Amino acid sequence: MTDSDFLTSTRTFYDAIAEDYADLFRDELAGRPLERALLGVFAELVEGDGPVADLGCGPGRTTARLASLGLSVFGLDLSESMLAIARRENPGMRFEQGSMLELDLPDGALAGALSFYSSIHTPVDRLPDLFAEFHRVLAPGAPLLVAFQAGDEHRHHDRPFGHPVSLTFQRRRPEDMAGLLTAAGFALVSRTVREADPALDETSPQAFLIARRPTVL
């Protein structure tokens, strides 16, 4: 599968389901205290008042949460339909269309970056390129938070909400993701895995890795 193939399929999927997805997950952080706590930890790790990027921001709920924690944050997503919701619900905040694999940012431009379940559609053989791009745009010492579903079995969603689209959600092993981050030049700060919560209709554990781009001495 080429970059064009998986980027197009991901964009098409989320463009089709954007409004239904946003309604379903309108209060997605309300029942997730661990996620809220980790976002708080991430915010405290950001040094200075430089820009922070929510990469794969969807409807912008996590972006807004980070803004409420005092960060100068903007969102980026492939899907213009998701971005339309983010802009509608967060007037005055910055949301841009683009690919995480080719960020329109100078080297070392970001004080922090977040990939909250947004790497799950990137083919495994492109993850090294993805993390290398994250490393490139982060300033020395800047933190990165990566969240994803943990496991070995992928989950295929066909015709969600009745829309004629489908997409595979790829689960990853935390140790594999940690190894890829280290190989990309990151220093791992923390590794957190919580069990699936049936009350949230989860079918797999949830993993959260915080890493830093090392400070240049």
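Structure: above.
Residues numbered from 1 in each chain as written. Predicted model: local features only at pLDDT ≥ 70, side-chain atom pairs only at ≥ 80, totals over all residues. Heavy atoms only, no water.

Colleague: What is the right way to look at the packing of helix α2 (residues 33–45) against helix α3 (residues 61–68) in this model?
Modeller: Think of two packed helices as two axes; the pair is described by the angle between the axes and how far apart they sit. Packing of α2 against α3 brings their axes to within 10 Å, and their N-to-C directions diverge by 55°. Judged on the interaxial angle alone, α3 and α2 are oblique. Judged by the sense of rotation from one axis to the other, the crossing of α2 with α3 is right-handed. Contact with α2, carried on its side by R36, L39 and F42, involves T62, R65 and L66 of α3 and no other residues of that element. Taken together, the residues that form the contact of α2 with α3 break down as three nonpolar, one polar and two charged. (Axes fitted to C-alpha atoms, helices over the stretch in contact; angles between N-to-C directions. Helix = DSSP H or I, 4+ residues; strand = E, 2+ residues; numbered from the N terminus. Parallel < 35°, antiparallel > 145°, perpendicular 65-115°, else oblique. Left-handed = near helix turned anticlockwise from the far one by under 90°. Contact = heavy atoms within 4.5 Å. Nonpolar A, V, L, I, M, F, W, Y, C, P; charged D, E, K, R; others polar.)

Colleague: What should I look at first to understand the pairing of strand β1 (residues 51–55) in this one?
Modeller: Most of β1 is tucked away: four of the five residues are buried. Bridge analysis of β1 against strand β2 (residues 72–77) gives five bridges, and the strand direction is parallel. Paired with A53 across the bridge in β2 is F74. Handedness of the crossover joining β1 and β2 through α3 is recorded here as right-handed. Looking at chain direction, β1 and strand β4 (residues 112–116) are connected through three bridges and run parallel. Its bridge partner lying in β4, D54 is registered against L114. (Buried < 20%, exposed > 50% of the residue type's maximum accessible area, 1.4 Å probe, protein only. Pairing = 2+ DSSP bridges. Right-handed = clockwise from strand over helix to strand, strands pointing away.)

Colleague: I'm lost on unusual backbone geometry in this one. Help?
Modeller: Note: most residues except glycine have negative phi, and most peptide bonds are trans. The phi angle at R159 is positive, at roughly 55°, despite the residue not being glycine. Residues other than glycine seldom take positive phi values, yet D201 does so here, at roughly 60°. Of note, D201 is situated in the loop between β8 (187–194) and β9 (206–212).

Colleague: Help me out: how do you make sense of the sheet that holds β9 in this one?
Modeller: Hydrogen bonds between backbone atoms are what pair the strands of a sheet, whose relative direction is either parallel or antiparallel. Taken in spatial order, the seven strands of this open sheet run β3-β2-β1-β4-β5-β9-β8, and their pairing is mixed. Each of the sheet's edge strands pairs with one partner strand only, and the pair in question is β3 (95–97) and β8. Across this sheet, the average inter-strand angle for adjacent strands is 15°, counted without regard to direction. The sheet strands contacting α3 are β1, β2, β3 and β4, and the helix crosses β2 at an angle near 170°.

Colleague: I'm lost on the pattern of salt bridges in this one. Help?
Modeller: When their charged atoms lie close together, side chains carrying opposite charge are able to pair. In the structure shown here, the tally under the stated rule is 14 salt bridges. As a salt-bridge pair, R136 and D107 come within 2.7 Å of each other at their nearest N and O atoms. Here the residue R136 occupies a position in helix α5 (residues 127–137), and D107 occupies one in the loop between β3 and β4, the gap between them amounting to 29 residues. Under the relative-accessibility criterion, R136 is labelled partly exposed at 24%. The exposed category is assigned to D107, whose relative accessible area is 58%. Its salt-bridge partner being D152, residue R173 comes within 2.6 Å of it at the nearest N-O pair. In this pair, R173 sits in the loop between β7 (166–169) and α6 (174–183) while D152 sits in the loop between β5 (143–149) and β6 (155–158), placing the two residues 21 residues apart along the sequence. For D152, a relative accessible area of 53% puts it in the exposed group. Among the ionic contacts, a cluster of salt bridges with common partners joins D23, R26, R61 and E89. (Salt bridge = Lys/Arg side-chain N within 4 Å of Asp/Glu carboxyl O.)

Colleague: I would appreciate a short explanation of the packing of aromatic side chains in the present structure.
Modeller: Geometry of an aromatic ring pair is reported as the spacing of the ring centres plus the angle between the planes. Under the criterion given, the structure shown has seven aromatic pairs. On the basis of an interplanar angle of 70° and a centroid distance of 6.0 Å, the ring pair of F13 and F169 is categorised as edge-to-face. Residue F13 is found in helix α1 (residues 3–24), and its partner F169 is found in strand β7; the two are separated by 156 residues along the sequence. F169 carries the same exposure label as F13, and that label is buried. Here Y14 and Y21 contribute two aromatic rings whose centre-to-centre distance is 6.0 Å and whose plane-to-plane angle is 85°, an arrangement assigned as edge-to-face. Here Y14 falls in the buried class, since its relative accessible area comes to 13%. Residue classification places Y21 among the partly exposed positions, given a relative accessible area of 22%. Taken together, the ring pairs in this structure connect F13, Y14, Y21 and F169 into an aromatic cluster. (Phe/Tyr/Trp six-rings, centres within 6.5 Å; stacked < 30°, edge-to-face > 60°.)

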